[in-house]
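Each chain is listed here by its residues.
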Amino acid sequence: MKLLSKRISPILKYLLLFNLLIGGLGASTELVSSDRFLFKIVDQAVSLQDIRYQSRNLKALNCIYSDAIVIQFFDKKFISEFDNFLNKFPTKDEDVIRYLHAHEEILKKTSLLFKLLRYAQDQNKNVSKDLSKLIQESAKANRCNLDVLYKDTLKTNFKSLLEIELYLRARYEGQLQDNKKNIEQIRSSFDLFIESLNKQFSHEFYW
């Protein structure tokens, strides 16, 4: 699988997130946290926090539905590699660029995940209430990470991952059934789709 890569000058970019917490009339506390942009898909910057959310979501999806096409597509070992990449992410600015270059392959796979998220969003594969309820029940029954749930529904970024699954299932389910769900037998078809996706959505790494 060949990914297109555009590199920009080694400028570290930050996203400052400000949350104002109001404790009463005239009283307020300002909570400031920082997040780092790692790359951009077309016109959308993706931060370290965005990536952490999707790492959590992939693990939850694998727990809820281990046969999910999106999990098969990336391979289960990607989940642990992804988690390891995030857990060891440096805190010092001077270490970040070296770290990103040393983990270029995992970064490329991550950018592909976010291209799929962007593409699925454009396809309007909405998660129905019935499917949302089924996912909630499965998450609880399998003792999965319930952080992907929100009240009586699912968190938005987890729904986005499920939208990828719905799209891939609609596109490839027939072929997978014919091949007894062996995704490697239709890998060439996936690769053509990825090539098309890379032409449609450009990306830039921030390093």
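To be clear, the structure that these remarks concern was listed above.
Computed from a predicted structure; not experimentally measured.

> Help me understand the environment of Asn145 in this model?
Position of Asn145 relative to the elements: it lies in the loop between helix H6 (129–141) and strand S5 (149–150). Relative accessible area serves as the criterion here: at 33%, Asn145 is assigned to the partly exposed category. In sequence terms Asn145 and Lys59 are 86 residues apart; their C-alpha atoms lie 8.0 Å from each other. When near neighbours in sequence (up to four residues on either side) are disregarded, Asn145 contacts Arg56 and Ala60. A polar contact of 2.9 Å, which involves the side chain of Asn145, links it to the backbone nitrogen of Asp147.

> I'm lost on the layout of surface pockets in this one. Help?
Rolling a probe over the atoms, with the probe sized like a water molecule, indicates the empty space that remains. Reported here for the largest pocket is a volume of approximately 280 Å³. Looking at the lining of the largest pocket, the element that brings in the most residues is helix H5 (residues 104–123), giving four residues. Among the residues forming the lining of the largest pocket, the class breakdown is five nonpolar, five polar and three charged. Size it by volume and the second largest pocket reaches roughly 200 Å³. Every residue lining the second largest pocket is listed: Leu61, Ile64, Tyr65, Leu131, Leu134, Ile135, Ser138, Leu162, Glu165, Leu166 and Arg169. Taken together, the residues of the lining of the second largest pocket break down into eight nonpolar, one polar and two charged.

> What am I meant to see in the pattern of salt bridges here?
Pairing is possible between side chains that carry opposite charge, provided their charged atoms lie close to one another. Tallied over the full model, the rule gives nine salt bridges. As a salt-bridge pair, Lys108 and Glu105 come within 3.9 Å of each other at their nearest N and O atoms. Residue Lys108 and its partner Glu105 are both found in helix H5; the two are separated by three residues, about one turn of the helix. Given the relative accessible area of 17%, Lys108 is considered buried.

> Is there a simple way to explain the packing of H5 against helix H8 (residues 187–200) in this structure?
The angle between the axes and the distance between the axes are what describe a pair of packed helices. Packing of H5 against H8 leaves a shortest axis separation of 11 Å and a crossing angle of 80 degrees. One finds that H5 runs roughly perpendicular with respect to H8. Counting all contacts with H5, which are made through Leu112, Lys115, Leu116 and Tyr119, the residues of H8 involved are Phe193, Ile194, Leu197, Asn198 and Gln200.

> I keep staring at the nonpolar core and nothing clicks. Help me out?
Soluble globular proteins tend to pack their nonpolar side chains together in the buried interior. Counting residues in each nonpolar core, the largest one holds 58 residues, and the members touching the most others are Phe39, Val70, Phe158, Ile164, Leu168 and Phe193. Broken down by element, the residue count for this core peaks at nine residues, all from H5. Ignoring anything within four residues of it in the chain, the contact list for Ile164 reads Val70, Leu113, Leu116, Leu117 and Ala120.

Rules used throughout
Residues numbered from 1 in each chain as written. Predicted model: local features only at pLDDT ≥ 70, side-chain atom pairs only at ≥ 80, totals over all residues. Heavy atoms only, no water. Helix = DSSP H or I, 4+ residues; strand = E, 2+ residues; numbered from the N terminus. Buried < 20%, exposed > 50% of the residue type's maximum accessible area, 1.4 Å probe, protein only. Contact = heavy atoms within 4.5 Å. Polar contact = N/O pair within 3.5 Å; in protein donor to acceptor, adjacent residues only side chain to side chain. 1 Å grid on protein atoms, 1.4 Å probe; cavity = no way out; pocket = protein on both sides within 12 Å on 5 of 7 lines; lining within 4 Å. Points joined across faces, edges and corners; volume = space filled by probe spheres on them. Nonpolar A, V, L, I, M, F, W, Y, C, P; charged D, E, K, R; others polar. Salt bridge = Lys/Arg side-chain N within 4 Å of Asp/Glu carboxyl O. Axes fitted to C-alpha atoms, helices over the stretch in contact; angles between N-to-C directions. Parallel < 35°, antiparallel > 145°, perpendicular 65-115°, else oblique. Core = buried A, V, L, I, M, F, W, Y, C linked by side-chain atoms within 4.5 Å.

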